[in-house]
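The residues making up each chain are set out below.
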Amino acid sequence: MKLNKHKPAQHTEMEFGGALGAACIPVFLPLTVLYLLSVCRTPGGALLQWPPPLPHSTFLWDPVAAAIMVGWISLQSALYLLPMGKVSEGLVLRDGSKLKYPINGFHALCMTAVLLAVCVCLGMPLGYLFDLVLPLAVCAIGVSYLLALYLYIRSFWAPAHQLALGGNTGNPLYDFFIGRELNPRIGSFDLKFFCELRPGLIGWVVLNAAMLMKEVELRGSSSLAMLLVNGFQLLYVTDALWNEEAVLTTMDIVHDGFGFMLAFGDLAWVPFTYGLQAMFLVIHPQTLSPLSALGIILLNGVGYSIFRKSNSQKNQFRRDPAHKSIAHLETIATATGKRLLVSGWWGFVRHPNYLGDILMALAWSLPCGVSHLLPYFYVVYFSILLVHREARDERQCRAKYGLAWDTYCRRVPYRIIPYIY
Ligand SMILES: NC(=O)C1=CN([C@@H]2O[C@H](COP(=O)(O)OP(=O)(O)OC[C@H]3O[C@@H](n4cnc5c(N)ncnc54)[C@H](OP(=O)(O)O)[C@@H]3O)[C@@H](O)[C@H]2O)C=CC1
Ligand SMILES: CC(C)CCC[C@@H](C)[C@H]1CC=C2C3=C(CC[C@@]21C)[C@@]1(C)CC[C@H](O)C(C)(C)[C@@H]1CC3
């Protein structure tokens, strides 16, 4: 293979605070993960405490955790490679080609669940993962760094048309962080698509199940709060894998390169911070009245319904605008030939799917009560992520659709929350 001397793209706008952000985030976020996990295990559970509850170095490394990590990634890779489900094509690439992706994430989730159930019945102490969570997170962070380094180095052998438009600035720190290559593959194994949905997302619900088991070990039964958190998040992950094909049109797959940000986000950030609520409940049990539980279930239901219906409406519209379920919706033309929906969910606010996602995030935290900030970390982080993501998407859409996008913004003035934002 020939080493390619790519000319850095001229005037690429740097995101996430540019080179400074790219230098700080890979240090700051892994430390944040370890800090949050440590706080979660303290009886006080206060997010801001002095001195901070720093774990002793002996709690950070465990060869068993390393073995579990290797086993887990190998298992998910094997399931990804199994010829189950259908094969779908991604969007058209810059060279006019389309990549093929195996759509078998839901099968992988079901097979993992069966394997896990068998192992638990045979006596495997799943709750032990609670005790191993810090060394497991250290291993996941280590894997993200190694993967990002591998991705950065191999990108110099990729042809220019396979690089992400925003990931080839010539600044090594920034390009390592944001990702140079768009769809890095080993043979037909797509590394970005695999990482986005498999080891981290499925790992998240397995960790949640482990927290439930730990609670049963400690207190003899699982609490309503723990059941709600597990149920809601399992629904979210199952939905993502059931609708796996839709991920092929998201910003991450279509636009972003694969570098440290996504590798770390997928493999370490998602499994170890999205499930903080369940981890919190192991040490800080909460009693939930049936009425509050009902209210929280309703909130999650409303959020999920908005999230799913709006995402499905747009996916259907992009795949087949003439489909009978959406043919009645009002649209506007753009100079690219693609149209924009201006009625239905996408006429309500410009990002109805983000609104639904934020409502669900709130429903995942409420079972943990209101005495601590820690279980609300996800809601706060996620709102910031989505506001930032909305701004990035808006910039891209304005560049793509020009005047038509301005017309859409006038027709649908609110971004995420009607009459507020
Ligand atoms: N749990 C988590 O951590 C995260 C969850 N998410 C979720 O992932 C899902 C996908 O989000 P994301 O990838 O950010 O982007 P979206 O699914 O919101 O897609 C944005 C794209 O949709 C198209 N679009 C925008 N407006 C219209 C319109 N009116 N009519 C037709 N098409 C339109 C444009 O692309 P084009 O015109 O080119 O088709 C635009 O670039 C969301 O539900 C989000 O909440 C996202 C990030 C993190
Ligand atoms: C650590 C960084 C600062 C931020 C990293 C962001 C990533 C964690 C997220 C970027 C987009 C994501 C998506 C999902 C998970 C989180 C990341 C990877 C998603 C797979 C969750 C499930 C949803 O149904 C989805 C729509 C499939 C999501 C797609 C985007």
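In case you missed it, the structure is sitting above this.
Remember, predicted model here, so these are calculated numbers, not experimental data. (Residues numbered from 1 in each chain as written. Chains lettered and ligands numbered in written order. Predicted model: local features only at pLDDT ≥ 70, side-chain atom pairs only at ≥ 80, totals over all residues. Heavy atoms only, no water.)

**Points about the overall build of the chain**
Regarding its fold elements, the chain presents 16 helices and six strands. On the principal axes, the C-alpha backbone points of the chain span a range of 60 × 55 × 45 Å. Within the chain, buried positions represent 50% of all 421 residues. Contacts in the chain between residues at least 24 apart in sequence constitute 77% of all its contacts with a sequence separation of at least 6. (Helix = DSSP H or I, 4+ residues; strand = E, 2+ residues; numbered from the N terminus. Buried < 20%, exposed > 50% of the residue type's maximum accessible area, 1.4 Å probe, protein only. Contact = heavy atoms within 4.5 Å.)

**Concerning a nonpolar patch on the surface**
Residues V387, I417, Y419, I420 and Y421 make up a contiguous nonpolar surface patch of roughly 530 Å² in combined accessible area. Looking at the element boundaries, I417 is found in the segment after helix 16 (403-411). (Patch = residues over 30% accessible without salt bridge, like charges linked within 9 Å, V, L, I, M, F, W, Y side chains within 5 Å. Areas by Shrake-Rupley, 256 points an atom, 1.4 Å probe, with all protein chains shown as cover. Salt bridge = Lys/Arg side-chain N within 4 Å of Asp/Glu carboxyl O.)

**Focus on the site of ligand 2**
If you check the shell around ligand 2, you find 14 residues, and the closest are L29, E196, A240, D252 and D266. If ligand 2 stood free it would expose 630 Å²; the protein chains cover 87% of that surface. Looking at the shell around ligand 2 residue by residue, the class counts come to nine nonpolar, one polar and four charged. Taken domain by domain, the shell around ligand 2 gets at least three of its residues from each of domain 1 (8-286) and domain 2 (288-421). (Near = heavy atom within 4 Å. Nonpolar A, V, L, I, M, F, W, Y, C, P; charged D, E, K, R; others polar. Domains from an automatic or database assignment.)

**Quick look at the side chain of T42**
Counting through the fold element by element, T42 comes out in the loop between helix 1 (18-41) and helix 2 (63-81). At 2.7 Å, the side chain of T42 forms a polar contact with the backbone oxygen of V39. (Polar contact = N/O pair within 3.5 Å; in protein donor to acceptor, adjacent residues only side chain to side chain.)

**What about the nonpolar core?**
L37, L136, F193, W204, M211, F258 and F272 are the most contacted members of the largest nonpolar core, which has 103 residues in total. Among the elements that make up this core, the one with the highest residue count is helix 5 (residues 133-154) (11 residues). One finds F317, C397, W405 and V412 within the second-largest nonpolar core, a separate group that totals 15 residues. (Core = buried A, V, L, I, M, F, W, Y, C linked by side-chain atoms within 4.5 Å.)

**What to know about the packing of helix 15 (residues 377-401) against helix 16**
Interaxial distance between helix 15 and helix 16 falls to 6 Å at its minimum, and their mutual angle equals 125 degrees. Comparing their axes, helix 16 and helix 15 come out oblique. Contacts between helix 15 and helix 16 involve E394, C397, R398 and Y401 from the former and L403, A404, W405, D406 and C409 from the latter. Along the lines of polarity and charge, the residues of the contact of helix 15 with helix 16 split into six nonpolar, no polar and three charged. (Axes fitted to C-alpha atoms, helices over the stretch in contact; angles between N-to-C directions. Parallel < 35°, antiparallel > 145°, perpendicular 65-115°, else oblique.)

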